[in-house]
Amino acid sequence: MNSDLKTESESVVTTPKKVHVKTFGCQMNVADSERMLALMVEKGMVPTSEVKEADLIIINGCSVRDKAVHKAVSFLGEQQVLKNKHHGKNNRGVVVTRKPPIIALGGCVGQLDKGEIFARAPYLDFVFGPDAIDHLPELVHKAEMGEKHFVQTVFDKTLAYSTSTKVHGAKAAAFVNIMKGCDKYCTYCIVPFTRGREKSRTINEVMEDLVDLVSKGVREVTLLGQNVNSFGKGNENVNGYEPKELHNVIGKVGPRAGEENLPQLIYAIEREPRLAKLKRLRFTSSHPLDFSDELIECFVKCTKLAKHLHLPVQSGSNRVLTKMGRHHQIEHYISQMKRLKQLVPEVGLSTDLIVGFPTETEEEFQETIKLLDAVQYDNIFAFAYSPRPGTRAAKMDDDVPASVKNRRLNELLQHQLVISKKMYSDRIGQVMEVMVEQIAKTQNMIHEGETGRVWTARTTCNRPVNFIDHTNRNYLGQFLTVKITGATSLSLSGELIHDPSFAESSENKYTSTYSTSEIVQ
Ligand code: SAM
Ligand code: SF4
Ligand code: F3S
């Protein structure tokens, strides 16, 4: 895809068209944005981080809370001006007239909106949902041909889920969808309405996908799904993978005996000789249902599996959990977390929590605070309840005032900061393998007059670690060894231990670790 630009002297300059993807929301959207970029790059476009330069602007929106929808919609509003602006400078600084960009709204916001937004944002060209991503090049072509205001949000109704991961550029880390959709229908949550029914890929297909990614240089993979613990449900275990059946004191709704399951996939990855170069494996997100004893054992037996578990709990009160439709008891959740910690003491734990759910009392909120003390998470993701239209909870009286929700949220976060500081400080003195993710956003570890750069890396337990390097090397995507020397409640700092294997490797080809698109949480 080329863009014909006329210079002031009216001669035609042909340059590749540029695409900008703005991502809001979870890792699922990050992976989707990467796929969109890869698809458009295959069609000859080049990614740009400058939205003003783009010929195609894709907004990949999240609907999980009201605020998230607002962020995507207000970003869309900011782009209106670009539709009217026909002048810009090309790469050589020459003033050119250009076609206005095509603007598309996708992701969970696109899926739910279904085009109602055209009345408010007539400058928007088209709307599409997550199941239409693979048709993106055709949709863009349609818009280029002059069609406006079309919508592609039909769910893929087939029972099977088959795909292959697409990444753009030289990546050290990749998100790999192993399942899609969600059948849990927690009463507060919009995701089942934006992502459709739960479906899993087969283990064999995921394995071939990983072999391909590793051959392209990927060294860390995060297996993705809304409830990866339920992976495999409905897929017959024709290859005789072990373990045949899962056991979980919290409850089971996922794969039955004779079907594929997540521990089988993790063992298959661990043992596959063609994946020898894959250094680290993660999975997210998990639901306490189907967080099986067999999965806990994987943390002990599988060396590639990172020592980190994100297991959303949502509340410390059984009454609130029931109203949320979570179908798990807090005592069982705590006992599974304790069991994991006993077997793998170095594991890092994190969770999601909602405060101010309809009818939540002060005492019930205090039960959530007590839960933090009982589990000792490394960190938490906490949110004030936000009613989502169409969900069962939206029909309940949203009776916790905003001021109380905010106060509870702050109290929860403050309480966790103290725990995080302790959890991180406990790691001082340890020597850890880390994967380098980026040049640190702040360089203030470097003292005046000192040369070098601060890098941010991630431990197996999913903690960010900042370290100084005095050489001028590109460490992006490299696995290095650091000694932890300091801790705050948000991150660790460490000293790089010289790594001879890296010194011997000549060129670092990685340009980034995860997505090339811009992400807003
Ligand atoms: N599938 C995962 C699970 O079951 O926990 C994650 C789902 S959601 C994408 C991420 C988090 O957003 C949830 O765990 C929950 O804490 C939060 N969330 C979802 N709906 C919400 C709502 N209506 N209001 C506030 N927070 C919400
Ligand atoms: Fe939402 Fe619940 Fe499904 Fe998670 S499990 S995506 S919170 S409905
Ligand atoms: Fe993710 Fe937001 Fe959709 S959290 S699944 S992008 S609603």
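Up top is the structure these notes are about.
Residues numbered from 1 in each chain as written. Chains lettered and ligands numbered in written order. Predicted model: local features only at pLDDT ≥ 70, side-chain atom pairs only at ≥ 80, totals over all residues. Heavy atoms only, no water.

Participant: Quick one: what's the story with the pattern of salt bridges, residue by residue and with numbers?
Facilitator: Applying the stated criterion across every chain yields a total of 37 salt bridges. Its salt-bridge partner being Arg 201, residue Glu 205 comes within 2.5 Å of it at the nearest N-O pair. Where Glu 362 meets Arg 407, a salt bridge forms, and the shortest distance between an N and an O atom there is 3.0 Å. You can see Glu 362 sitting in helix H12 (residues 362–375) and its partner Arg 407 sitting in helix H13 (residues 402–425), a full 45 residues away along the chain. Residue Glu 362 is classed as partly exposed on the basis of its relative accessible area of 27%. (Salt bridge = Lys/Arg side-chain N within 4 Å of Asp/Glu carboxyl O. Helix = DSSP H or I, 4+ residues; strand = E, 2+ residues; numbered from the N terminus. Buried < 20%, exposed > 50% of the residue type's maximum accessible area, 1.4 Å probe, protein only.)

Participant: For the environment of Pro 263, give the residues involved together with the corresponding values.
Facilitator: Here Pro 263 is to be found in helix H8 (residues 262–271). Exposure remark for Pro 263: the relative accessible area of 1% places this residue in the buried category. For the pair Pro 263 and Gly 232, spaced 31 residues apart in the sequence, the C-alpha separation amounts to 10.0 Å. The residues touching Pro 263, leaving out its near neighbours within four places in the chain, are Pro 243, Leu 246, Ser 292, Glu 294, Leu 295 and Cys 298. (Contact = heavy atoms within 4.5 Å.)

Participant: Now, about the nonpolar core: what can you tell me, with residues and values included?
Facilitator: Ile 178, Leu 262, Leu 265, Phe 283 and Tyr 377 are the most contacted members of the largest nonpolar core, which totals 87 residues. For this core, the leading source of residues is helix H7 (residues 203–215), giving seven residues. For this core, the domains that each give at least three residues are domain 2 (173–425) and domain 3 (431–507). Setting aside chain neighbours within four positions, we find Leu 262 in contact with Ile 178, Leu 223, Val 228, Asn 229, Phe 231, Phe 283 and Leu 295. (Core = buried A, V, L, I, M, F, W, Y, C linked by side-chain atoms within 4.5 Å. Domains from an automatic or database assignment.)

Participant: Kindly report on the site of ligand 1, identifying the contributing residues and their values.
Facilitator: Around ligand 1 sit 16 residues in total, of which Gln 226, Pro 312, Gln 314, Asp 352 and Ser 386 are the nearest. Separating an oxygen atom of ligand 1 from a side-chain N or O atom of Arg 65 is a distance of 3.2 Å. Interatomic distance of 2.7 Å between a side-chain N/O atom of Asp 352 and an oxygen atom of ligand 1. Within the complex, the protein chains bury 92% of what would otherwise be the 560 Å² of accessible surface of ligand 1. Looking at the shell around ligand 1, the elements that each hand over two or more residues are strand S17 (348–355) and strand S18 (379–384). For the shell around ligand 1, the class distribution of residues is seven nonpolar, five polar and four charged. (Near = heavy atom within 4 Å. Polar contact = N/O pair within 3.5 Å; in protein donor to acceptor, adjacent residues only side chain to side chain. Areas by Shrake-Rupley, 256 points an atom, 1.4 Å probe, with all protein chains shown as cover. Nonpolar A, V, L, I, M, F, W, Y, C, P; charged D, E, K, R; others polar.)

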